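Summary of structural features
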Amino acid sequence: MSYEQQRRDLVSHLEQRESLSDETLDAMRAVPRHAFVPQQHRSKAYRDSPLPIGDGQTISAPHMVAIMTELLELSYGDTVLEIGTGCGYHAAVTAEIVGPENVYSIEYHDSLARRARETLTAVGYGDISIRTGDGKKGWPEGAPFTAIYLTCAAPEFPPALKDQLAVGGRLLGPVGKGQQVLVRAVKQPDGHFDEEEHGYVRFVPLQ
Ligand code: SAH
């Protein structure tokens, strides 16, 4: 079966299993996940599971990318910061909705950041900005962001990320050591955050 057909089948499965908007489903249909997966795992690219990408890291499962995209309530023109580029797949899904020039992503491992940049450029998302560094510090020159998400688990949301979020903006990511919960925090006009929990999850830890 062609990658395109496998991808359509995967998105149909997600559509049945989760409550997802057309924007999220279209973005998942558009991004060629196989291009982000190392050669030896490419035949498994359209399974709904995480896969190894090197440096002890993983590409998130498609349903998790879809759920996070949904919870971020993204629209075209939103400025988004991702912590944990990994292979770049999730950033590409985000870029489908907000526009690649509005996506910033930070990766701790330089080898992964370089490879992500190459893949993203090859498949048409070269305008995404990627930097090697510590995501806890955020990306001050790009702030304020309308959405910030982490694809690695922190004991709590790093304060710099809270500062770099616009009022009304969404901060989303796995929180906790050991047991992790997906938390969405929305910044209020008085600067405090309204938090909601969205179930138990398993992500690699924030370095
Ligand atoms: N977004 C990826 C998933 C990446 S896994 C996808 O599209 O599937 C999480 C990534 O977070 C790993 O690549 C890991 O190296 C990175 N990471 C861990 N701690 C970090 C930190 N402090 N700053 C930036 N990236 C970090």
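This section reports on the structure supplied with the text. Keep in mind that this is a model prediction, so the values were computed, not measured.

On to the side chain of T94. Turning to its location among the elements, T94 is positioned in helix α4 (residues 89-98). Residue classification places T94 among the buried residues on the basis of a relative accessible area of 0%. Among the polar contacts listed, one links the side chain of T94 to the side chain of Y149, at a separation of 2.9 Å. With near-sequence residues (within four places) excluded, T94 lies in contact with L74, V80, G99, V103 and Y149.

On to the pairing of strand β5 (residues 129-132). Of the pairings in the sheet, the one linking strand β4 (residues 103-107) to β5 comprises 4 bridges and is parallel in character. By the bridge assignment, Y104 is partnered in β5 with S129.

Turning to the sheet that holds strand β7 (residues 165-175), a few remarks are in order. The sheet built from 7 strands is open, its strands ordered β5-β4-β3-β6-β7-β8-β9 with mixed pairing. Among the strands making up the open sheet, the edge pair consists of β5 and β9 (193-201). Going across the sheet, the axis of each strand differs from the next one's by a mean of 15°, ignoring polarity. In terms of strand pairing, strand β8 (residues 180-187) meets β9 through 7 bridges, oriented antiparallel. Across the sheet, the residue bridging to V181 is Y200, located in β9. The sheet strands contacting helix α3 (residues 62-71) are β6 (145-150), β7, β8 and β9, and the helix crosses β8 at an angle near 20°.

What follows concerns the packing of aromatic side chains. Applying the stated criterion across every chain yields a total of 4 aromatic pairs. Aromatic pair F36 and Y89: ring centres 5.9 Å apart, planes at 70°, arrangement edge-to-face. Highlighted residues: F36 in the loop between α2 (22-30) and β1 (51-54) and Y89 in helix α4, separated in sequence by 53 residues. No difference in accessibility class separates F36 from Y89, as the two residues are buried. Between Y104 and W139, the aromatic rings sit 5.1 Å apart at their centres with planes inclined by 75°, giving edge-to-face as the arrangement. With a gap of 35 residues between them, Y104 in strand β4 and W139 in the loop between β5 and β6 connect regions that are remote in the sequence. Assigned by exposure class, Y104 and W139 land together as buried. Taken together through their ring pairs, the aromatic side chains of Y104, W139 and F145 make up a single cluster.

Structurally, G99 is set in the loop between α4 and β4. Look at G99 and you get buried, because its relative accessible area is 5%. A C-alpha to C-alpha distance of 14 Å links G99 and E73, two positions 26 residues apart in sequence.

Between α3 and α4, the least distance of the axes is 11 Å, while the angle of their chain directions is 40°. With respect to α4, the axis of α3 lies oblique. The handedness of the crossing between α3 and α4 comes out as right-handed. Mapping the contact onto sequence places V65, M68 and T69 in α3 and Y89, H90, V93 and I97 in α4. Residue composition of the contact of α3 with α4, grouped by class: 5 nonpolar, 2 polar and no charged.

Another point: the site of the ligand. The full set close to the ligand counts 25 residues, and S60, H90, E107, G135 and Q207 are the nearest of them. A distance of 2.8 Å separates an oxygen atom of the ligand from a polar backbone atom of H90. G135 places a main-chain nitrogen or oxygen 2.8 Å from a nitrogen atom of the ligand. Summarising the interface, the protein chains cover 100% of the accessible area of the ligand, which totals 580 Å² for the free molecule. For the shell around the ligand, the secondary structure elements donating two or more residues are β2 (57-59), β3 (80-83), α4 and β4. Examining the composition of the shell around the ligand, we find that 3 residues originate from one element, β2, more than from any other. Across the shell around the ligand, the residue classes break down as 10 nonpolar, 12 polar and 3 charged.

Conventions adopted
- Residues numbered from 1 in each chain as written.
- Predicted model: local features only at pLDDT ≥ 70, side-chain atom pairs only at ≥ 80, totals over all residues.
- Heavy atoms only, no water.
- Helix = DSSP H or I, 4+ residues; strand = E, 2+ residues; numbered from the N terminus.
- Buried < 20%, exposed > 50% of the residue type's maximum accessible area, 1.4 Å probe, protein only.
- Polar contact = N/O pair within 3.5 Å; in protein donor to acceptor, adjacent residues only side chain to side chain.
- Contact = heavy atoms within 4.5 Å.
- Pairing = 2+ DSSP bridges.
- Axes fitted to C-alpha atoms, helices over the stretch in contact; angles between N-to-C directions.
- Phe/Tyr/Trp six-rings, centres within 6.5 Å; stacked < 30°, edge-to-face > 60°.
- Parallel < 35°, antiparallel > 145°, perpendicular 65-115°, else oblique.
- Left-handed = near helix turned anticlockwise from the far one by under 90°.
- Nonpolar A, V, L, I, M, F, W, Y, C, P; charged D, E, K, R; others polar.
- Near = heavy atom within 4 Å.
- Areas by Shrake-Rupley, 256 points an atom, 1.4 Å probe, with all protein chains shown as cover.

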